Amino acid sequence: MDSRVAYTALVAIVAILRLAELRISARNVAALKARGAVEVGAGHYPWVVMVHASWLVGCVLEVWLLDRPWIAGLGLPMLALFAAGMALRYWAIRTLGARWSTRIVFVPGEPLVETGPYRLLRHPNYLGVVLGLAALPLVHTAWVTSLLASAANGLVLRQRIEAEVAALR
C-alpha cells in the first residue's frame, strides 16, 4: 500500500477526533455559561480554528502534491511524539472534565484545577497541541506544514495564553 494513503487515513482520523472534541467543547461551554461562566479572548478563536484546519489540510496536501516520502527513521519517532502529545491533551481534557473547552471560558470564583497534569505543568493541553502540530506532519516528512503550522500556532497561542492568564487573575 502507498504510505500516503495510510497517512491520509491517519490525518482523517485526527480530523474526526478534533470534530468530536468541538462537539464536547460546545456542550461544555453551554453548561458552563448556564452556571454563569464568561468567555474571554473570543476574538482570536477564529484564528485558532483556521490554524488547526489548515494544519490538517496542509498535512495531506504537502504529502501528495510535493510527493513527500515516508522515512521510517523520522516517521516512527514523530508518530510516537504525536501520540505523546495526544495523550497529554487527553489527560488534561479528562482532568478538566466539564470545565474543558476549546474556548477560554471560566466560572468566576472557581478555583484553578491543580490535579492531573496541572500538578506538573501550567498549560499541559497547549504543550500537547504544540507537540501534535509539529509532529503529525513530520510523520510523512511534511516539514513545510510542520514549520508553518507551528509558527502560526505560536502566534495565536501567545494571544490565547495572555488572555487566559489575564482572565484567571
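Relevant structure appears above.
If you're wondering where the values come from, they're calculated on a predicted model, not measured in any experiment.

Undergrad: Can you explain the packing of helix α4 (residues 124–138) against helix α5 (residues 143–168)? Please cite residues and give values.
TA: Two numbers describe how α4 lies on α5: the axes approach to 8 Å, and their chain directions differ by 170 degrees. The angle between the axes of α4 and α5 places the two elements in the roughly antiparallel class. Judged by residue contacts, Tyr-126, Val-129, Val-130, Leu-133, Ala-134, Pro-137 and Leu-138 of α4 engage Trp-143, Thr-145, Ser-146, Ala-149, Ser-150, Asn-153, Leu-157, Arg-160, Ile-161 and Glu-164 from α5. For the contact of α4 with α5, the residue count by class is 11 nonpolar, 4 polar and 2 charged.

Undergrad: Got a sec to walk through the pattern of salt bridges? Specific residues and values, please.
TA: Tallied over the entire structure, the rule returns 10 salt bridges. Among the salt bridges present, the one from Glu-110 reaches Arg-35, with a minimum N-O distance of 1.9 Å. Taken together, the residues span a long stretch of sequence, with Glu-110 in the loop between β2 (104–106) and α4 and Arg-35 in the loop between α1 (3–34) and β1 (38–40) at a distance of 75 residues. For Glu-110, a relative accessible area of 27% gives the class partly exposed. Note on Arg-35: relative accessible area 45%, which makes it partly exposed. The partner of Glu-110 in a salt bridge is Arg-99, and the shortest N-O contact between them spans 3.2 Å. Of this pair, Glu-110 sits in the loop between β2 and α4 while Arg-99 is found in the loop between α3 (72–96) and β2, placing the two residues 11 residues apart along the sequence. Sharing partners across several salt bridges, the network here consists of Asp-2, Arg-4 and Asp-67.

Undergrad: Just give me the short version of the environment of Tyr-7, but keep the residues and values in it.
TA: Considering the arrangement of structural elements, one finds Tyr-7 in helix α1. With a relative accessible area of 2%, Tyr-7 lands in the buried category.

Undergrad: Let's hear about the nonpolar core: which residues, and what values?
TA: One recurring pattern in soluble globular proteins is that nonpolar side chains are buried together. Tyr-7, Val-11, Trp-55, Phe-82 and Leu-136 are the most contacted members of the largest nonpolar core, which totals 19 residues. Of all elements in the fold, only α1, α2 (45–65), α3 and α4 reach the threshold of two or more residues within this core. The contacts of Trp-55, once residues within four sequence positions are left out, are Val-14, Arg-18, Phe-82, Gly-132, Leu-133, Leu-136, Pro-137, Thr-145 and Ala-149. With 6 residues, the next largest nonpolar core counts Ile-93, Trp-100, Val-113 and Tyr-118 among its residues.

Undergrad: Any details on the packing of aromatic side chains? Residues and values, ideally.
TA: Following the criterion strictly, the structure yields 0 aromatic pairs and no others. The residue whose ring lies beneath Arg-89 is Tyr-90, and the NZ or CZ to ring-centre distance is 5.6 Å. The side chain of Arg-103 reaches across the aromatic face of Tyr-45, ending 3.9 Å from its centre.

Undergrad: Lay out unusual backbone geometry with the relevant residues and their values.
TA: Located in the positive-phi region is Asp-67, a residue other than glycine, with phi close to 50 degrees. Take Asp-67: it is sitting in the loop between α2 and α3. In this structure Asp-67 comes out as exposed when scored by relative accessible area, which is 52%.

Rules of the game
Residues numbered from 1 in each chain as written. Predicted model: local features only at pLDDT ≥ 70, side-chain atom pairs only at ≥ 80, totals over all residues. Heavy atoms only, no water. Axes fitted to C-alpha atoms, helices over the stretch in contact; angles between N-to-C directions. Helix = DSSP H or I, 4+ residues; strand = E, 2+ residues; numbered from the N terminus. Parallel < 35°, antiparallel > 145°, perpendicular 65-115°, else oblique. Contact = heavy atoms within 4.5 Å. Nonpolar A, V, L, I, M, F, W, Y, C, P; charged D, E, K, R; others polar. Salt bridge = Lys/Arg side-chain N within 4 Å of Asp/Glu carboxyl O. Buried < 20%, exposed > 50% of the residue type's maximum accessible area, 1.4 Å probe, protein only. Core = buried A, V, L, I, M, F, W, Y, C linked by side-chain atoms within 4.5 Å. Phe/Tyr/Trp six-rings, centres within 6.5 Å; stacked < 30°, edge-to-face > 60°. Lys NZ or Arg CZ within 6 Å of the ring centre and 35° of its normal.

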